Amino acid sequence: MGLSDQEILHVARLARLRLTTAELPGIRRDLNRVLDYVSQLQALDLADIPPTMHVVNMEMPLRDDVVAPSLSVEEATKNAPQVEAGMFKVPRIVESEGGGDDG
Amino acid sequence: MAKSLWMEDAVTLHELFVAGEVRATDIVEHHLERLNARDPVIRAFLHVAAEQARAQAAVQDRWSPAERAERPLSGVPVAIKDNIVTETMPTTAASRILQNFYAPYNATVVDKLYEAGAIVIGKTNLDEFAMGSSTEHSAFYPTRNPWALDRVPGGSSGGSAAAVAAGMVPLALGSDTGGSIRQPSAYCGIIGMKPTYGRVSRYGLIAFASSLDQIGPMARRVRDLRALYDVIAGPDPRDATSLPDTTDATPLSRPWRIGVPREYFGEGLDPEIRHVLDRHLSQLRAEGHEIRDISLPHTRFAIAAYYLIAPAEASSNLSRYDGIRYGFRRESRDLVTLYEATRDEGFGPEVKRRILLGTHALSSGYYDAYYLTAQKVRTLIRRDFDDAFHTVDFVVTPTTPEVAFRLGERSDDPLTMYLGDIYTVTANLAGLPAISLPVGWAHGLPVGVQWLAKPLADHQLLEAAEALEGLLPPVRFPEEVEG
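Every chain is numbered independently, its residues counted from 1 as its sequence is written. Here chains are named by letter from A upward and ligands by number from 1 upward, in the order in which they appear as written. Only residues with pLDDT of at least 70 are given local features in this predicted model, and only at 80 or more are side-chain atom pairs given and counted; all residues enter the totals for whole chains, interfaces and linings.

The subject of this paragraph is helix α11 (residues 335–346) of chain B. Over its 12 residues, α11(B) runs 16 Å from end to end, which matches the ideal 16 Å to within 8%, given 1.5 Å per residue. Three exposure classes are used, all based on how many other C-beta atoms lie within 10 Å of a residue's own C-beta (placed from the backbone): buried at 20 or more, exposed at 12 or fewer, and partly exposed between those limits. Secondary structure elements are defined from DSSP: runs of H or I of at least 4 residues count as helices, runs of E of at least 2 residues count as strands, and each element is numbered from the N terminus. Of all the residues in α11(B), the buried ones are Leu338(B), Tyr339(B), Glu340(B), Thr342(B), Arg343(B) and Gly346(B). Expected span, for any helix, means 1.5 Å times one less than how many residues it has.

Attention now goes to the interface of chain A and chain B. You'll often see interface size given as the accessible area lost when the parts meet. At the junction of the two partners, chain A supplies 40 residues and chain B supplies 53 residues. For the side of chain A that touches chain B, the secondary-structure elements that each account for two or more residues are α1 (5–14), α2 (24–38) and α3 (73–77) of chain A. Sort the elements by how many residues they give to the side of chain A that touches chain B and α2(A) lands first, with 7 residues. For this classification, Asp, Glu, Lys and Arg are treated as charged, while Ala, Val, Leu, Ile, Met, Phe, Trp, Tyr, Cys and Pro are nonpolar and the rest, including Gly, are polar. Grouping the amino acids of the side of chain A that touches chain B by side-chain chemistry returns 30 nonpolar, 3 polar and 7 charged. Residues are treated as contacting if the C-beta atoms built from their backbones sit within 7 Å of each other.

Residue and element names in this part refer to chain B. Of all 5 residues in strand β2 (residues 77–81), 5 are buried; the element is thus mostly enclosed. Across the two faces of β2 the burial is the same, with Pro77, Ala79 and Lys81 and Val78 and Ile80 all buried. Any two strands with at least two DSSP bridges between them are considered paired. Taken together, the 5 bridges between β2 and strand β3 (residues 119–124) define a ladder with parallel strand orientation. Pairing of Lys81 across the sheet is with Thr124, part of β3. Two elements, β2 and strand β4 (residues 171–176), share 3 bridges in a ladder whose sense is parallel. Counted as the bridge partner of Ala79 is Ala172 from β4.

Since the α-helix packs 3.6 residues into each turn, any two residues three or four apart lie on the same face. Residue and element names in this part refer to chain B. By the criterion of burial, helix α16 (residues 458–468) is predominantly enclosed, with 8 of the 11 residues buried. Within the sequence span of α16, burial applies to Asp458, His459, Gln460, Leu461, Leu462, Ala464, Ala465 and Leu468. As for α16, its buried residues are in contact with α8 (222–232), β9 (394–398), β10 (434–442) and β11 (445–452).

Here we take up the sheet that holds strand β5 (residues 191–194) of chain B. Residue and element names in this part refer to chain B. An order of β1-β3-β2-β4-β6-β5-β10-β11-β9-β7-β8 is seen for the 11 strands of this open sheet, with the pairing classed as mixed. Edge strands, defined here as strands with exactly one partner in the open sheet, are β1 (45–48) and β8 (290–294). For this sheet, the mean angle separating the axes of adjacent strands, direction not counted, is 30°. Here β5 pairs with strand β6 (residues 214–219) via 2 bridges, running antiparallel. Each residue of the ladder has a partner; that of Gly192, found in β6, is Met218. Note on geometry: axes are lines fitted to C-alpha atoms, helical ones only across the stretch in contact, with angles between N-to-C directions running from 0 to 180 degrees. Relative to the sheet, helix α6 (residues 158–165) contacts β1, β2, β3, β4, β5 and β6, its axis offset from that of β4 by approximately 155°.

Structure representation (structure tokens):
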């Protein structure tokens, strides 16, 4: 049972990827071949098996809670496509409700 | 012909430099000359930092013998895979989304290289975000195998492997998530090591699959590999997964007990590679080592588990590329369209495939069936190795089922490409240290043997590799066999 075009477009939206109708058949074929291959894992009885979340058993290390040097705002923003007043600039997020100012 | 400096191994170059017999400037010039002669065809590098390397060499030439000696890689040219961030060179991960990106800091391993006196020659090509086994998925251009220019160098650290094999540098850094150091090392006839997970800091390694990623050394000689390993290994407060300095100093006692897992010698293994491996095992037996037939029964589920875990983690790690804080941006009216347009143009097809697969595997209603199931299978694979290492010191397998394939041969067939990782992904899933060594030739191309040890036994593994180097064919350079 493979993924339909509809399901793939849903996943693409979750991943913030846009797929064109031209790309879709190839993507569907490749994804479904891989999903078909990995379905062999369903045959294993894993009821009593704990998942591996970390390969080496170690305690979570905690660093000392002290202030240390970090990147300056200028360094941290130097690769940004748009910066204003030391902040990352993005398109408007909230729609303005008729006649408000630009802020 | 007189031996040129580019033919020397790293430790020898360092020793000549310390003794004052050669200048760092000459070492760098010889390697740049070699690079300029070979790389227009091989294309191992994405960025060559010739002027920075020359400046570094000029500074080192003014060092006293003592200053040269206290830095273990002084005078030695090194290349860095381009998914490891560098402040003074661009870092692209071979992706359009990071074209022209200059990191505001160096990866810990890069700082360590500079402290050790290494001279950084440039940044090497890879499959985009290290996702691939051929370096054909680089957004910029593919790299060619120095031994056969119509074949791939392997991947994803294909640029580093090709650069070392062709003599452009004696040492390089790679990264290995499912075999990305070992497989290209095997395809290019060099030595590559994936250390125990957490042994080398990942701070500044562009994240692909965080529970699997590990930086490691690549070289033509074991003692060079070891010199580079010694420089980069160790705990790092900036990487919470880096291991405390618990070096297992247990000396290795002879004879070694060597496990040969039957699952790695079955269907799908090229008979000529099998033949080369059989000869290697006979030599080990003749040296007095004990060869044991063992079983790692869950090996056949490794690729399926890997291709759920790695894409799932990748889909999460790559969500940061949104066109806001760094990298490429496609301007749009609203934010969601900006994200989608940026990612659509910025990522190549293999990266998109894996993001989609991983997003699906983590999405509501599928998490248990896919990601959690794969993490449980990972436990079974770890237990297989735990059991094996109760009775053997090392596990020996082929590194790859086949020799380097032709460019373009697999680019339309992702699943077949994935299946080629069968012998290497288990070390990542289990966190084990593993080395690929050039053990012979099949179809006129290099063959790699993989040695695995238990977690934290990196030193024993390096010691074994050094001891058995005498059984390997002598180091050669590609043009010696060309005509």
